[in-house]
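Letter by letter, the chains look like this.
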Amino acid sequence: MFDAVSLPETDQILRLMAIYAGDDRPLKVDLGVGVYRSPDGRTPVMAAVKQAEQRIWQNQNTKSYVGLAGDPAFHGAMRSLVLGDAVPVGRVAAAAAPGGTGAIRQILEMTKRLTPDAAVWLSDPTWPNHSSIARYLGLTIRTYRYYDAETGGLDRAGMMADLSAAAPGDLVLLHACCHNPTGVELSLQDWQAIGATLETTGAIPFIDMAYQGFGNSLEEDAAGTRLLAGMLPETLIAASCSKNFGLYRDRVGIAIAVTSGETAQGAAQAMLAYFNRQNYSFPPDHGARVVETILGDPILTDIWRTELRGMREGMNATRAAFAEALRVETGSDRFGFLGSHRGMFSLIGATPEQVDRLREEHAIYVVRDGRMNVAGLTPDAIPHVARAMAEVLI
Ligand SMILES: Cc1ncc(COP(=O)(O)O)c(C=O)c1O
């Protein structure tokens, strides 16, 4: 079976992590892997998570299976967090999944099964797992322009022109906020314009919400998603709790289908449960229960919101300090866009050779497409990284 196998390409971020682990230079800086880091370089367990886990440990008296779609209380908590009151509950179907990636996979597989000719439109660039999973499932991939490398901002005209060519039933994959890898946000006006185009074309928005609360606020980061869900007959959402609850390894995510009405909702709910059954039967429960415990208790919710706000404000302060350090080092505003981007990532506009030089000469680890995880920048690393970038990139 394995003698003549052609190996899949290994994930370049995982490859980078391995090289970083073996690097013994004291000033090494990991700006590659996509996890949040506090100013002292840790990825902490959030205080609300600790308390919720303690409560679960004390009160849980069975580990027996839950339903195929996961716990309905988790669906309810996530529905409110993601959608607020943008749509009536009767339109929403949901199923827990192993992380945001699991939810993406379930939704793309469902699309392939139910509408095999539908294309999936991905932003150029996007998180590599989007294209990897879509390709693996045999879906047709189309791309729409998104990033303007000249300005470090949105190629608005290009994006709108490309999206107007989508066919009815195609999926248009959008990042709810904190676009990975560019850091470029959509304004509410952009979301409105996208919604109007989707209305005209009949394409379906598929929103990847991996960073709610990391951009501007829990509500602002969900505003575009809520707008589309309220104005269009169908919206698909893959939400992750990996980052905003720090539950990375517990694998907590949810696939949400906002449907045209109650009949379609019943069908969508049955399909989501069916696809869970085929792939892993029951979804993981522990992390989902942590999330539902936090969101179901006003005190824990408050503790969580406060800590999340601190993380977000820290990242945005790091962005501002880093953009300023680069302004001083380069004597220009070339990297000013880093201050206005949101979320953990930005593209720094480095060629693969420049990325190699940053790693080899300065022990700075960036993904080869030039994606940097700003949350990996501790305050004492900022001058070192700004100086190295000025030397290598200018
Ligand atoms: C854009 C995007 N979508 C989804 C995910 C899903 O993450 P997870 O499967 O760990 O929840 C990530 C994580 O890096 C991401 O960056």
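Keep in mind that this is a model prediction, so the values were computed, not measured. (Residues numbered from 1 in each chain as written. Predicted model: local features only at pLDDT ≥ 70, side-chain atom pairs only at ≥ 80, totals over all residues. Heavy atoms only, no water.)

J.: I'd like a rundown of the layout of surface pockets, residues and numbers included.
T.: Its volume calculated, the largest pocket comes out at about 1400 Å³. What lines the largest pocket is a set of 50 residues, and nearest its centre among them are D11, T101, W127, N129 and K243. Elements with a minimum of two residues in the lining of the largest pocket: α1 (12–21), α2 (47–59), α4 (99–114) and α5 (128–136). Looking at the lining of the largest pocket residue by residue, the classes come out as 21 nonpolar, 16 polar and 13 charged. Of the residues that make up the lining of the largest pocket, three or more belong to each of domain 1 (12–45 + 312–393) and domain 2 (65–296). In this model, the second largest pocket occupies a volume close to 290 Å³. Lining the second largest pocket we find 16 residues, and of these M110, L114, I204, E234 and L236 sit closest to its centre. (1 Å grid on protein atoms, 1.4 Å probe; cavity = no way out; pocket = protein on both sides within 12 Å on 5 of 7 lines; lining within 4 Å. Points joined across faces, edges and corners; volume = space filled by probe spheres on them. Helix = DSSP H or I, 4+ residues; strand = E, 2+ residues; numbered from the N terminus. Nonpolar A, V, L, I, M, F, W, Y, C, P; charged D, E, K, R; others polar. Domains from an automatic or database assignment.)

J.: Can you tell me about the UniProt feature "domain: Aminotransferase class I/classII large" (unreviewed entry) in the chain, naming the residues and giving the values?
T.: This chain's UniProt record puts "domain: Aminotransferase class I/classII large" (unreviewed entry) on residues 28–388. A helix fraction of 47% and a strand fraction of 15% characterise residues 28–388, whose end C-alpha atoms lie 12 Å from each other. (UniProt positions renumbered as here; feature names shortened; annotations may be inferred.)

J.: Tell me about the state of the cysteines, and name the residues and values.
T.: Within the structure shown, the criterion is met by zero disulfides. C178 takes part in no disulfide bond, and the closest cysteine sulfur, belonging to C177, lies 3.7 Å away. Cysteine C241 shares no disulfide, and the gap to the nearest cysteine sulfur, in C177, comes to 13 Å. Given the relative accessible area of 1%, C241 is considered buried. (Disulfide = S-S within 2.5 Å. Buried < 20%, exposed > 50% of the residue type's maximum accessible area, 1.4 Å probe, protein only.)

J.: Describe the pattern of salt bridges, with residues and values.
T.: Counting across every chain of the model gives 16 salt bridges. A salt bridge links R327 to E324, with the shortest nitrogen-to-oxygen separation between them at 2.9 Å. Note that R327 and E324 are positioned in helix α11 (residues 298–330) at a spacing of three residues, about one turn of the helix. Residue E361 pairs with R357 through a salt bridge whose shortest N-O separation is 3.0 Å. Taken as a pair, E361 and R357 lie in helix α13 (residues 352–362) at a separation of four residues, close to a single helical turn. One connected set of salt bridges, linked through shared partners, spans D356, R359, E360 and R368. (Salt bridge = Lys/Arg side-chain N within 4 Å of Asp/Glu carboxyl O.)

J.: For the site of the ligand, give the residues involved together with the corresponding values.
T.: Around the ligand, the structure places 13 residues, and the nearest of them are T101, D208, Y211, S240 and S242. Measuring from an oxygen atom of the ligand, one finds a side-chain N or O atom of R251 at 2.7 Å. When the ligand is considered free in solution it has 390 Å² of accessible area, and contact with the protein chains removes 91% of it. Judged by the proximity of its atoms to the pocket grid, the ligand belongs to the largest pocket. Here the element with the most residues in the shell around the ligand is α4; it accounts for four residues. A per-class count over the shell around the ligand returns four nonpolar, six polar and three charged. (Near = heavy atom within 4 Å. Polar contact = N/O pair within 3.5 Å; in protein donor to acceptor, adjacent residues only side chain to side chain. Areas by Shrake-Rupley, 256 points an atom, 1.4 Å probe, with all protein chains shown as cover. Sits in = over half its atoms within 2 Å of the grid points.)

J.: Give a description of helix α14 (residues 382–393) that names residues and reports values.
T.: Counted at 1.5 Å a residue, the expected span for α14 with its twelve residues is 16 Å, and the 16 Å between its end C-alpha atoms agrees. I382, H384, V385, A386, A388, M389, A390, V392 and L393 are the residues of α14 that are buried. In the core, the buried residues of α14 are packed alongside β1 (29–30), α11, α13, β12 (364–365) and β13 (371–373). (Expected span 1.5 Å × (residues − 1). Contact = heavy atoms within 4.5 Å.)

J.: Please provide a residue-by-residue account of empty space enclosed by the protein, values included.
T.: As enumerated under the stated definition, the model contains one cavity of 30 Å³ or more in all. Put simply, the largest cavity is a space of about 30 Å³. Here the lining of the largest cavity spans two domains, and each of domain 1 (12–45 + 312–393) and domain 2 (65–296) adds at least three residues to it.

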